[in-house]
Amino acid sequence: MQKFFTIEKTSEGKARAGELTTDHGKIQTPIFMPVGTVASVKTVHQRELKEDIKAQIILGNTYHLYLRPGMDTMQEAGGLHKFMNWDLPILTDSGGFQVFSLASSRKMSEEGARFKSHIDGSYHMFSPEKSMEIQRQIGADIFMAFDECVAYPCEYNQAKSSMELTHRWLKRCIDWTENNPELYGHKQRLFPIVQGSTYSDLRKISAQVIAEAGAEGNAIGGLSVGEPEEEMYRITDEVTDILPKEKPRYLMGVGTPWNILESIGLGIDMMDCVMPTRNARNAMLFTWKGVMNMKNEKWKKDFSPLDEFGTSFVDREYSKAYVRHLFVSKEYLAKQIASIHNLAFYLDLVKVAREHILAGDFYEWKNSVVPVLRQRL
């Protein structure tokens, strides 16, 4: 049987280049994963994701897919891959973060989380077992253990009891997974999630518990929820010291291009975030030269290509002036062009980072490029 994760090269620090092997294809790491919340990466065709953006794996969202289209439709379609016509790997989150974001309409207990649908106000219950069952029905290649995510800032005791609940839920997730076979003939891999807010002692305890669970990969959750960047980097650094080096590490919900490079430098292999598409819809473009606001007057008569260093067709085929005009005119095409650009840039970012890890000069390169990425054009 082929190994799930192989490390090709580790740099002078923690950064490493590797490869994940799933039944739907190989993924070269470090990797950024576009978020396809409801079986769609917003405004982008699957063909564009594959051919122009060069996505190797995308995300689906358990909470949203459970509510719409529902699991009857999902199973009849043959799982999410067939439903959305995507033949590359998929990762699903557990629904835990969405339940966390419904703070005003949810009730937590040892059993799980009872919450009110944001669509029609109906009540639903997510337990660890239910989350696993839904993710089986979705059929993702990688799926996440059900966890509780706390807000930032939060009291120490709240973070501690939430972390302990996550650990108890993990055991139930593993038990359910071991007793219920896959549905669609391909292997699914369960990743547990490290929690503990920004408290170092809790994060270290959680990382140890998650490491001992012996899963094929591990995730770090509960970051990028409002804490300062330095706190996120500190916790990530402490946790990657403990999580097994031979297994992939996934930092959930991160982030800006500079967050991504810093996280890679701290030993992270996988990242996801809605930022490239969400910010694109608000006219913010990320480039190798810095951040562009496409509504700015300065682009009004700039007929140069959208991004001379861009890798997607939109960068060559449309000018800055035209894209600005589309945004000012509130044309849907503006959001589409910007989303394709940002996602292609993010995938190019991790591809180039990987090349520098393999070349042995990642940290020198990262330190030179991060200040440029951050500047406003």
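Predicted model, so just to flag it, every value in this text is computed and none were measured.

> It is not clear to me how the sheet that holds strand E3 (residues 25–29) should be interpreted in this structure. Could you clarify?
Adjacent strands of a sheet pair through backbone hydrogen bonds, lying either parallel or antiparallel. One open sheet accounts for 3 strands, arranged E1-E2-E3; its pairing is antiparallel. The strands lining the two open edges of the sheet, one partner per strand, are strand E1 (5–10) and E3. When strand polarity is set aside, the average angle formed by the axes of neighbouring strands in this sheet is 15°. Alignment of E1 against strand E2 (residues 16–22), held across 5 bridges, turns out to be antiparallel. Across the sheet, Thr-6 pairs through a bridge with Glu-19, a residue of E2.

> Please explain the packing of helix H7 (residues 156–179) against helix H8 (residues 200–212) as it appears in this structure.
A pair of packed helices can be characterised by two numbers: the angle between their axes and the separation between those axes. For the pair H7 and H8, the least separation of the axes is 10 Å and the interaxial angle reads 5°. Of the possible angle classes, the one that applies to H7 and H8 is roughly parallel. Here H7 contributes Tyr-156, Ala-159, Lys-160, Met-163, His-167 and Leu-170 to the contact with H8, which in turn contributes Asp-201, Leu-202, Ile-205, Ser-206, Val-209 and Ile-210. Among the residues forming the contact of H7 with H8, the class breakdown is 8 nonpolar, 2 polar and 2 charged.

> Explanation requested: the UniProt feature "active site" (unreviewed entry) in the protein chain in the structure shown.
Sequence positions flagged by UniProt for "active site" (unreviewed entry) are, in local numbering, Asp-93 and Asp-272. In sequence the annotated residues extend across 180 residues, while in space they remain close, none of their C-alpha pairs exceeding 10.7 Å. Residues from the annotated list that form part of the lining of the largest pocket: Asp-93 and Asp-272. Checked against the element boundaries, Asp-93 lands in the loop between strand E6 (90–92) and helix H5 (96–101). Accessibility expressed as a relative area gives 13% for Asp-93, which makes it buried.

> Any chance you could explain the layout of surface pockets here in plain terms?
Empty space among the atoms becomes apparent when a probe as large as a water molecule is rolled across them. When its volume is computed, the largest pocket comes out at roughly 860 Å³. Surrounding the largest pocket, 38 residues form its lining, Phe-97, Gln-98, Gly-253, Asp-272 and Val-274 being those nearest its centre. At the level of secondary structure, the elements contributing two or more residues to the lining of the largest pocket comprise strand E5 (58–60), H5 and helix H11 (275–281). Looking at the lining of the largest pocket, the element that brings in the most residues is H11, giving 5 residues. Tallied by class, residues from the lining of the largest pocket come to 12 nonpolar, 20 polar and 6 charged. If you add up the space inside the second largest pocket, you get close to 240 Å³. For the second largest pocket, the lining is made up of 15 residues, of which Thr-177, Glu-178, Leu-190, Ala-215 and Glu-216 are closest to its centre. Going through the elements one at a time, H7 and strand E11 (189–191) are the ones with two or more residues in the lining of the second largest pocket. The residue inventory of the lining of the second largest pocket, partitioned by class, reads 6 nonpolar, 3 polar and 6 charged.

> What's the story with the UniProt feature "binding site: substrate" (unreviewed entry) in the protein chain in this structure? I'm lost.
Here, the residues flagged by UniProt with the feature "binding site: substrate" (unreviewed entry) are Asp-93, Ser-94, Gly-95, Gly-96, Phe-97, Asp-147, Gln-195 and Gly-222. In the annotated group above, the largest pocket draws its lining from Asp-93, Ser-94, Gly-95, Gly-96, Phe-97, Asp-147, Gln-195 and Gly-222. Here Ser-94 lies in the loop between E6 and H5. A relative accessible area of 2% means that Ser-94 is categorised as buried. Among all residues touching Ser-94, those that are not within four sequence positions of it are Thr-62, Phe-126, Ser-131, Gln-135, Met-144, Ala-145, Phe-146 and Asp-147. Polar side-chain contacts of Ser-94 include one of 3.4 Å to the backbone oxygen of Ala-145. With respect to the secondary-structure elements, Asp-147 resides in the loop between strand E10 (142–144) and H7. Take Asp-147: its relative accessible area is 7%, and that puts it in the buried class. Those residues in contact with Asp-147, other than ones at most four positions away along the chain, are Ser-94, Gly-96, Thr-166, Trp-169, Ile-193 and Gln-195. In terms of polar contacts, Asp-147 uses its side chain to reach the side chain of Ser-94, at 3.4 Å.

> Looking at this model, I keep getting lost on the pattern of salt bridges. Mind explaining?
Where charged atoms of side chains with opposite charge meet at close range, the side chains can pair. By the definition in use, this model includes 21 salt bridges. Between Lys-187 and Glu-216 there is a salt bridge; the shortest N-O distance is 3.8 Å. Linking Lys-187 in the loop between H7 and E11 with Glu-216 in the loop between H8 and strand E13 (218–220), this pair joins segments that are 29 residues apart in sequence. For the salt bridge of Lys-289 with Glu-308, the shortest nitrogen-to-oxygen distance reads 2.8 Å. Within this pair, whereas Lys-289 is found in the loop between strand E16 (284–287) and strand E17 (290–293), its partner Glu-308 is found in the loop between E17 and helix H12 (313–317), the two being separated by 19 residues in sequence. Given the relative accessible area of 56%, Glu-308 is considered exposed.

> What should I look at first to understand the side chain of Arg-136 in this one?
With respect to the helices and strands, Arg-136 occurs in helix H6 (residues 128–138). One buried charged residue, Arg-136, remains without a salt bridge, the closest side chain of opposite sign being Glu-182 at 4.3 Å. Sequence-distant contacts of Arg-136, defined by excluding residues within four places in its chain, comprise Phe-143, Trp-176, Thr-177, Asn-180, Pro-181, Glu-182, Leu-183, Tyr-184 and Gln-188.

> Help me understand the environment of Asn-157 in this model?
Mapped onto the fold, Asn-157 is located in helix H7. Relative accessible area serves as the criterion here: at 58%, Asn-157 is assigned to the exposed category. Between the C-alpha atom of Asn-157 and that of His-81, which follows or precedes it by 76 residues, the distance is 41 Å.

Conventions used here
- Residues numbered from 1 in each chain as written.
- Predicted model: local features only at pLDDT ≥ 70, side-chain atom pairs only at ≥ 80, totals over all residues.
- Heavy atoms only, no water.
- Pairing = 2+ DSSP bridges.
- Helix = DSSP H or I, 4+ residues; strand = E, 2+ residues; numbered from the N terminus.
- Axes fitted to C-alpha atoms, helices over the stretch in contact; angles between N-to-C directions.
- Parallel < 35°, antiparallel > 145°, perpendicular 65-115°, else oblique.
- Contact = heavy atoms within 4.5 Å.
- Nonpolar A, V, L, I, M, F, W, Y, C, P; charged D, E, K, R; others polar.
- UniProt positions renumbered as here; feature names shortened; annotations may be inferred.
- 1 Å grid on protein atoms, 1.4 Å probe; cavity = no way out; pocket = protein on both sides within 12 Å on 5 of 7 lines; lining within 4 Å.
- Buried < 20%, exposed > 50% of the residue type's maximum accessible area, 1.4 Å probe, protein only.
- Points joined across faces, edges and corners; volume = space filled by probe spheres on them.
- Polar contact = N/O pair within 3.5 Å; in protein donor to acceptor, adjacent residues only side chain to side chain.
- Salt bridge = Lys/Arg side-chain N within 4 Å of Asp/Glu carboxyl O.
- Lys, Arg positive; Asp, Glu negative; His and termini not counted.

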